[in-house]
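Now for the letters of each chain:
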Amino acid sequence: MLGENIRNARQKQGMTQEELAVRLHVVRQTVSKWEKNLSVPDVQCLQEMAQVLQVPVSALLGAEAEQTQDTAIENQIANQLARISQEIAIKNQRAHTLSKWLKGILLAFLLGWVLMIVLALSGGLIFSSATTSSTQTVEIGSEQLPALE
């Protein structure tokens, strides 16, 4: 695969094995071995070869040379949608957490009010019954006399 890609790129540039070898500072037999897949160039030589042949290293290695513009745009849109979706999920999680806290606070507030009302009513009944028994009066004729207990 690599050898075939090197040969195709070299021929596309109209170069011979000898011309490529001179530009890469190797012997022609080395280029021949690369193209026959009998050996492989080192990383530095591969990078230099890509520059000389005016192709990306990925094209020599057999990866897609370039994505089409439509594919690149689709990938960009997909990445943006993924980012937006993640932001919305984070925002929803925060809103859910805040909602739980607010419900808890509201429930505690309501329970406090109910407890205060119950205590006030029970305290008020005791107070009002004590007050009522000491202030009851009995009406006899036109005079009012305090009630006997």
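Not measured: the values here are computed from a predicted model.

**Q** For the overall build of the protein chain, give the residues involved together with the corresponding values.
**A** Along its length, the protein chain carries 6 helices and 2 strands. Overall, the protein chain shows an N-to-C arrangement of helices and strands of α-α-α-α-α-α-β-β. Across the 149 residues of the protein chain, 16% fall into the buried class. With the model as given, the accessible surface of the protein chain reaches about 11,900 Å², and the carbon-plus-sulfur share is 61%.

**Q** Can you explain the side chain of Glu 35? Please cite residues and give values.
**A** For Glu 35, the position within the fold is in helix H3 (residues 28-35). Here Glu 35 falls in the buried class, since its relative accessible area comes to 4%. Within the structure, Glu 35 has its side chain in polar contact with the side chain of Arg 10 (distance 2.5 Å). Of the polar contacts made by the side chain of Glu 35, one reaches the side chain of Gln 17; its length is 2.7 Å. Those residues within four positions of Glu 35 in sequence are excluded, and the remaining contacts are Gly 3, Glu 4, Ile 6, Arg 7, Arg 10 and Gln 17.

**Q** Would you mind going over the nonpolar core in detail, with residue names and values included?
**A** In terms of nonpolar packing, the biggest core is built from 16 residues, with Ile 6, Leu 20, Leu 24, Trp 34, Met 49, Leu 53 and Leu 60 touching the most fellow members. Sort the elements by how many residues they give to this core and helix H4 (residues 43-53) lands first, with 6 residues. The residues contacting Leu 60, other than those within four sequence positions of it, are Leu 2, Asn 5, Ile 6, Ala 9, Leu 46, Met 49, Ala 50, Leu 53 and Val 55.

**Q** I'd like to hear about the packing of helix H1 (residues 2-12) against H4, residue by residue, with values.
**A** Put simply, H1 and H4 touch, their axes get as near as 10 Å, and they point 30° apart. Classed by the angle they form, the pair H1 and H4 counts as roughly parallel. The chirality of how H1 crosses H4 is left-handed. Of the residues in H4, those in contact with Leu 2, Ile 6, Ala 9 and Arg 10 of H1 are Leu 46, Met 49 and Leu 53. Class assignment for the residues of the contact of H1 with H4 results in 6 nonpolar, no polar and 1 charged.

**Q** Describe in detail the pattern of salt bridges, supporting the description with residues and values.
**A** This structure, assessed with the given rule, holds 2 salt bridges. Here Glu 35 and Arg 7 are joined by a salt bridge, their closest N and O atoms 3.9 Å apart. Of the two residues, Glu 35 is situated in helix H3 and Arg 7 in helix H1; the sequence distance between them amounts to 28 residues. Among the salt bridges present, the one from Arg 10 reaches Glu 35, with a minimum N-O distance of 2.5 Å. Here Glu 35 lies in helix H3 and Arg 10 lies in helix H1, a separation of 25 residues in the sequence. With respect to class, Arg 10 is no different from Glu 35; both count as buried. Salt bridges sharing common partners tie together Arg 7, Arg 10 and Glu 35.

Cut-offs used in this document
Residues numbered from 1 in each chain as written. Predicted model: local features only at pLDDT ≥ 70, side-chain atom pairs only at ≥ 80, totals over all residues. Heavy atoms only, no water. Helix = DSSP H or I, 4+ residues; strand = E, 2+ residues; numbered from the N terminus. Buried < 20%, exposed > 50% of the residue type's maximum accessible area, 1.4 Å probe, protein only. Areas by Shrake-Rupley, 256 points an atom, 1.4 Å probe, with all protein chains shown as cover. Polar contact = N/O pair within 3.5 Å; in protein donor to acceptor, adjacent residues only side chain to side chain. Contact = heavy atoms within 4.5 Å. Core = buried A, V, L, I, M, F, W, Y, C linked by side-chain atoms within 4.5 Å. Axes fitted to C-alpha atoms, helices over the stretch in contact; angles between N-to-C directions. Parallel < 35°, antiparallel > 145°, perpendicular 65-115°, else oblique. Left-handed = near helix turned anticlockwise from the far one by under 90°. Nonpolar A, V, L, I, M, F, W, Y, C, P; charged D, E, K, R; others polar. Salt bridge = Lys/Arg side-chain N within 4 Å of Asp/Glu carboxyl O.

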